[in-house]
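Structure assessment
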Number of protein chains: 2
Amino acid sequence: MDPSSFRRHGYALVEWIAEYLAGSERYPVLPRVAPGDVRRALPATAPERGEPFEAIFADFERVLVPALTHWNHPGFFGYFAITASAPGVLAEFLAAALNQQAMLWRTSPAATELEDVALGWLRGLLGLPDSFEGVIYDTASIASLHALAAARHAALPQTRETGLAGCPPLRVYCSEHAHSSVDKAVILLGLGHRALRHVPADDEFRMRADALGDALAEDRAAGITPLAVVATIGTTSTTSVDPVRAVADLCRREGVWLHVDAAYAGVTAMLPGYRPRFDGWEQADSIVVNPHKWLFVPFDLSAFYCRRMDVVRQAFSLVPEYLQTAEASRGARNLMDTGIQLGRRFRALKLWMVLRHVGAEGIRAALAEHIRLAQLFAGWVDADPDFERLAPVPFSVVCFRARPHGFRGTAAELDALNAQLLDAVNATGEVFLSHTRLNDRFVLRLAVGHLRTTEVHVARAWALLKRHIAQLATSIR
Amino acid sequence: MDPSSFRRHGYALVEWIAEYLAGSERYPVLPRVAPGDVRRALPATAPERGEPFEAIFADFERVLVPALTHWNHPGFFGYFAITASAPGVLAEFLAAALNQQAMLWRTSPAATELEDVALGWLRGLLGLPDSFEGVIYDTASIASLHALAAARHAALPQTRETGLAGCPPLRVYCSEHAHSSVDKAVILLGLGHRALRHVPADDEFRMRADALGDALAEDRAAGITPLAVVATIGTTSTTSVDPVRAVADLCRREGVWLHVDAAYAGVTAMLPGYRPRFDGWEQADSIVVNPHKWLFVPFDLSAFYCRRMDVVRQAFSLVPEYLQTAEASRGARNLMDTGIQLGRRFRALKLWMVLRHVGAEGIRAALAEHIRLAQLFAGWVDADPDFERLAPVPFSVVCFRARPHGFRGTAAELDALNAQLLDAVNATGEVFLSHTRLNDRFVLRLAVGHLRTTEVHVARAWALLKRHIAQLATSIR
């Protein structure tokens, strides 16, 4: 593609994206396609001759756009709502062209050092001490995997050479509400799923520190070696906050690695009023916070902070001859030494551009507004005789369900009603909510997190829920 | 950022990138900065107030551009040369704005199904049968990790639950020239580094099938269970090709998982004349090919093909309630089931756009030209009394060194001379070559792989090597 063609197509994309970022409401949040629709609309083999970009873009609009789930839509309230903000999108455009592969300082001094700078800025905003060294991974799954691998290495450094075959029984602990990536990491590391002990939570879905203490004591007595505890600040279903201070005290006493999964809620440590919830996290060995979740950075970018990054290096560092460079002896950091992935994109650029363009003040304001909107919605739920809230709302996610006044059906019928309600509301295309299960109940979740979500969108979600429950309840009676 | 500001900044970036992609020769390939330069040029804390994008972009140009290593420069001959081609860059721009998170079919039908389509196209071009199911990962490190995790699960399915603690001694095999990611995977999986047996290579750096057979027999006799063999088509140092057919026969006989690492050279299976080198790879259990290496797709995108993807699913699949969707029962594939990373970017878009825009014919022509350029360079080396070639050139990488006619120094002095030569040539900024070690000799590597690299660039590299070796040899005498 010659420069003038690139300009032409680039301009067309700028126009398209400008309209998309400002006007994604024109699309249904969840697409109206069935499995196989996209595949069937495209040829089964690659073209022999190259095609003009216009033709490819036309197919993008014809086949792919109708099959997109619009994560960048202000009515997206599913899972955790995220935003690809404009400065982040521009940064990714640049990063793609620069094609940095930051395995070594030498292969990208800019990406290597900007990662340090941007993670330092974020660390400062979060109020974490400088003793936490940072590294960017793709996802929290990979961050937590590194945390647990480092914990394994810290407890049993010989496993790097000799493996787990002769090791005593080992254990990792997390709340029953911890993320499934902890399960996957434990399996991958060869510890076995049974090595993960899910500690019971209290009635607000927080890990019970007393139950954790009991579990540790019981395992020690049975000859099992505790490796690590994963505490979560903002669990996936309800955004509950484990008692980090008490857990940290236990971990210190027991000499066990503490990993804090703050992938979603970690950014709220920037809000002065929210800092107390993070009490004790500065005692953690490692922490993960995902700027691609609630910091308006396009997916993917996960920030991993570790007070013992030397252990991560000891666990993984392995430098073949063809990657030896002189700079390592002159104080340059080679990012490949702190990860299992050799190749690394220039992810720091988008974090740096978003932090600068939005500014700390702007970020705090956006987070506070999202929390306000969630509280507002929770208030509507609480005040309505046909709905009930099923968990506290510490951040920007509301767990609730419909329970029409005078409803006389079984628990299973109430679950089915809520599943129908969810489908009906999502079918409007105006909003998208997801679900979870709590105490064996089907639960609706409204997660606020998109930068363009306003009170209008939240109110619209509520109006749709009210309208559709009225219709469904009528049809039931 | 409002739409008109986005347009303004977007246009400015299109201009900048258009000039960059066409004119990256204006920059030195390796930047002229020292460790710490970037960090010191930027503030230590995030700004409190948001800043205009112009100011951020000005700092990008002032601080970061001089610290970039220009992977997108036609004089980049280090490691494996790669290209962020224009259609791939445009695709990444779109993908960033769309911010798809393709963990479930529902969370992006377009990304889920386009991944299937684009990987099907690539599979067809590579001549692999449809029995290979594909999935896109970020890097070959992660792809090979999944391959070995699946091999572990296939041999010992109970490890998912009970871990490796009670298992018999296990072994993974690869050539002494295999990539370090195999070592890292074995460590991560809890097998221990000792579980990896490096099989000796022949004098052309190919794994010796007879030595592999002996190793397997010896280990079996010693009560060690072979888990997997990694064969490489295009090793990192010399791009040598392991005897895949013979290795595949051994693996089938022994019931051992065969993973083929064709991260770099796999794309040459598209060239009819090169297909014989791939003889036997269709017998592999899994294969990795990296479109971000030599298929002009911006980093990162690694294609993993597996004939037993059900094993990958069994090893990892784990679906919490909040990720249950109805589509799974209607034939939709959820990509989170074939990976340890829950989150997944819309990587297929760039592969699809590059395959369409360049076309199979265009790709074959580019690969053939890169191979021709490398052979040309190898010919110059062979014909020159002051240089010697140190490995065959099966693809587009040449391993060589200077050995000035009449040189009387020690082996260590010859190594030092070549290290100086490498530094001198790289200091010109016109080209960048990297190095390796073979048979305890310091070896220069010239890797051709950038789409805009022409005979002019390769000739210039040769001229610089000749000029600088003449200067260095004079100063030695």
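Not measured: the values here are computed from a predicted model.

**Observations concerning the overall build of chain A**
The secondary structure content of chain A amounts to 15 helices and twelve strands. Here the C-alpha atoms of chain A give a radius of gyration of 24 Å, agreeing with the 23 Å that 2.2 N^0.38 yields for 477 residues. Dimensions along the principal axes, computed over C-alpha positions, put chain A at roughly 70 × 65 × 45 Å. Taking the contacts inside chain A whose residues are at least 6 apart along the sequence as the reference set, 75% of them involve residues at least 24 apart.

**Topic: the nonpolar core**
Membership of the largest hydrophobic core comes to 369 residues, with the highest contact counts inside it found for A:Val172, A:Val247 and B:Val247. Apart from the residues within four sequence positions on either side, A:Val172 is in contact with A:Leu148, A:Val186, A:Leu191, A:Ala195, A:Leu196, A:Leu227, A:Ala228 and A:Val230.

**Focus on the interface of chain A and chain B**
Across the contact, 126 residues belong to chain A and 126 residues belong to chain B. For the side of chain A that touches chain B, the class distribution of residues is 68 nonpolar, 35 polar and 23 charged.

**Topic: the sheet that holds strand β12 (residues 441-447) of chain B**
Residue and element names in this part refer to chain B. Here five strands make up an open sheet; going across it, the order is β1-β11-β12-β10-β9 and the pairing mixed. Looking at the sheet topology across the chains shown, the edges are occupied by β1 (76-77) and β9 (387-389). Both strand β10 (residues 397-402) and β12 contribute to a ladder of four bridges, which runs antiparallel. The partner of Val-397 across the bridge, within β12, is Ala-447. The sheet contacts of helix α13 (residues 348-383) involve β9, β10 and β12, and relative to β10 the element is tilted by about 20 degrees. Against the sheet, helix α14 (residues 411-427) makes contact with β10, β11 (432-438) and β12, and its axis sits at roughly 30 degrees relative to β12, the strand it touches most.

**Observations concerning the domain arrangement of chain A**
Residue and element names in this part refer to chain A. The domains assigned to chain A are domain 1 (1-31 + 68-84 + 358-477) and domain 2 (101-345). Computed from C-alpha atoms alone, the centre-to-centre distance between domain 1 and domain 2 is 30 Å. Of the residues lining the interface, 20 residues belong to domain 1; the matching set on domain 2 comes to 22 residues. Of all elements in the fold, only α13 (348-383), β10 (397-402) and β11 (432-438) reach the threshold of two or more residues within the side of domain 1 that touches domain 2. No other element matches the six residues that α13 contributes to the side of domain 1 that touches domain 2. Residue composition of the side of domain 1 that touches domain 2, grouped by class: 16 nonpolar, three polar and one charged.

**Focus: helix α5 (residues 109-126) of chain B**
When the terminal C-alpha atoms of α5(B) are compared, their 26 Å separation across 18 residues agrees well with the 26 Å that a helix rising 1.5 Å per residue should span. Residue B:Gly127 follows α5(B) closely and has a positive phi angle near 75 degrees.

**Describing the relation of the copies chain A and chain B**
Superposing chain A onto chain B takes a rotation of 180 degrees plus a shift of 0.0 Å along the axis, which leaves an RMSD of 0.0 Å. The two molecules are tied by a two-fold rotation axis, judged by turn and shift.

**Here we look at the sheet that holds strand β7 (residues 286-289) of chain A**
All names here are of chain A. As summarised here, the arrangement of the seven strands in space is β2-β8-β7-β6-β5-β3-β4, forming an open sheet in which the pairing is mixed. The open sheet is flanked by β2 (133-137) and β4 (196-199), the only strands paired with a single partner. Geometrically, the sheet is characterised by an average inter-axis angle of 20 degrees between neighbouring strands, direction not taken into account. Strand direction decides the pairing type here: β7 and strand β8 (residues 302-306), joined by four bridges, are antiparallel. Paired with Ile-287 across the bridge in β8 is Tyr-305. Relative to strand β5 (residues 225-232), helix α10 (residues 244-254) is tilted by about 165 degrees, and along the sheet it contacts β5 and β6 (257-261).

**Remarks on the packing of helix α6 (residues 140-155) of chain A against helix α8 (residues 180-188) of chain A**
All names here are of chain A. For the pair α6 and α8, the least separation of the axes is 9 Å and the interaxial angle reads 50 degrees. Of the possible angle classes, the one that applies to α6 and α8 is oblique. The handedness of the crossing between α6 and α8 is right-handed. From α6, Ala-140, Ser-141, Ser-144, Leu-145 and Leu-148 reach across to α8, where they touch Ser-181, Val-182, Lys-184, Ala-185, Val-186 and Leu-188.

**Points about the environment of A:Phe93**
Tracing the chain through its elements places A:Phe93 in helix α4 (residues 86-98). For the pair A:Phe93 and A:Ala34, spaced 59 residues apart in the sequence, the C-alpha separation amounts to 31 Å. Once you skip the residues sitting within four places of it in the chain, A:Phe93 turns out to touch B:Leu13, B:Glu92, B:Phe93 and B:Ala96.

**Quick notes on the environment of A:Gly120**
By secondary structure assignment, the location of A:Gly120 is in helix α5 (residues 109-126). C-alpha of A:Gly120 to C-alpha of A:Ala231: the two residues are 111 residues apart in sequence and 23 Å apart in space.

**Focus on the pairing of β11(A)**
All names here are of chain A. Of all seven residues making up β11, five are buried, and the element is well covered by its neighbours. Relative to β11, strand β1 (residues 76-77) runs parallel, the two sharing two bridges. Bridge pairing links Phe-76 to Phe-432 in β11. Where β11 lies against strand β12 (residues 441-447), five bridges are found, and the strand directions are antiparallel. When the bridges of β12 are listed, Arg-437 appears paired with Phe-442. The turn joining β11 and β12, which pair antiparallel and follow one another in sequence, is formed by two residues; a positive phi near 50 degrees is taken by Asn-439.

**A word on the packing of α4(A) against helix α4 (residues 86-98) of chain B**
Relative to each other, α4(A) and α4(B) sit at 155 degrees, their axes nearing to 8 Å. Considering the angle they form, α4(A) stands roughly antiparallel to α4(B). Seen from above, α4(A) lies across α4(B) with right-handed handedness. Contacts from A:Val89, A:Glu92, A:Phe93, A:Ala96 and A:Ala97 of α4(A) reach α4(B) at B:Val89, B:Glu92, B:Phe93, B:Ala96 and B:Ala97.

**Looking at helix α3 (residues 53-64) of chain A**
Listing the buried residues of α3(A) in full gives A:Phe53, A:Ile56, A:Phe60, A:Val63 and A:Leu64. Down the axis of α3(A), the smallest arc covering the buried residues is 110 degrees, so these residues share one side. Exposed side chains of α3(A) directed beyond 90 degrees from the buried face belong to A:Glu54, A:Ala55, A:Ala58, A:Glu61 and A:Arg62. Where α3(A) is buried, its residues meet α1 (3-23) and α2 (37-41) of chain A together with α4, α5 and α13 of chain B.

**Section: the pairing of β10(A)**
All names here are of chain A. Counting buried positions along β10 yields six of six residues, so the element is predominantly enclosed. The two faces of β10 match: Val-397, Cys-399 and Arg-401 on one face and Val-398, Phe-400 and Ala-402 on the other face are all buried. Relative to β10, strand β9 (residues 387-389) runs antiparallel, the two being bridged by three bridges. Bridge assignment links Phe-387 to a residue of β10, and that residue is Ala-402.

**Considering the confidence of the model for chain A**
Averaged over every residue, the pLDDT of chain A is 96; the share at 70 or more is 100%. What the predictor reports for the complex is a pTM of 0.98 with an ipTM of 0.97.

**Things to note about unusual backbone geometry**
All names here are of chain A. Residue Asp-300 is bonded to the preceding Phe-299 through a cis peptide linkage, with omega at 5 degrees. Relative to the helices and strands, Asp-300 is located in the loop between α11 (291-294) and β8. Phi is positive for Asn-439, which is not a glycine, with a value near 50 degrees.

Each value, and the rule that gives it
Residue positions are given per chain, counted from 1 along the sequence in the order it is written. As they are written, the chains are lettered A onward and the ligands numbered 1 onward, keeping that order. Only residues with pLDDT of at least 70 are given local features in this predicted model, and only at 80 or more are side-chain atom pairs given and counted; all residues enter the totals for whole chains, interfaces and linings. A run of DSSP states H or I qualifies as a helix once it reaches four residues; a run of E qualifies as a strand once it reaches two. Both are numbered from the N-terminal end. With the radius of gyration taken over C-alpha atoms, the globule rule is written as 2.2 Å times the number of residues to the power 0.38. In this description, a residue-residue contact is defined by the distance between C-beta atoms placed from the backbone, which must lie within 7 Å. Any nonpolar core is a set of buried residues, restricted to Ala, Val, Leu, Ile, Met, Phe, Trp, Tyr and Cys, that join up through C-beta atoms within 7 Å. Field definition: a residue is buried when 20 or more other C-beta atoms are found within 10 Å of its C-beta, exposed when 12 or fewer are, and partly exposed for counts in between, with C-beta atoms placed from the backbone. In this count, Pro and Cys sit with the nonpolar residues alongside Ala, Val, Leu, Ile, Met, Phe, Trp and Tyr, while Asp, Glu, Lys and Arg are called charged and the others, Gly among them, polar. Pairing between strands is defined by DSSP: at least two bridges between the two strands are required. Axes here mean lines fitted to C-alpha atoms, for a helix over just the part in contact, with angles spanning 0 to 180 degrees between N-to-C directions. Each domain span listed reflects an automatic or database assignment of domains. Residue count minus one, scaled by 1.5 Å, sets the expected span of a helix. Copies are brought into register by a least-squares superposition over C-alpha atoms of residues with pLDDT of at least 70 in both. Oblique is the label for every angle not falling under 35 degrees (roughly parallel), over 145 degrees (roughly antiparallel), or within 65 to 115 degrees (roughly perpendicular). Handedness of a crossing is defined here by the sense of rotation of the near helix relative to the far one, left-handed for an anticlockwise turn of less than a right angle and right-handed for a clockwise turn. Read the arc as the range of directions from the helix axis to the C-beta atoms. Known as pLDDT, the predictor's per-residue confidence is scaled from 0 to 100.

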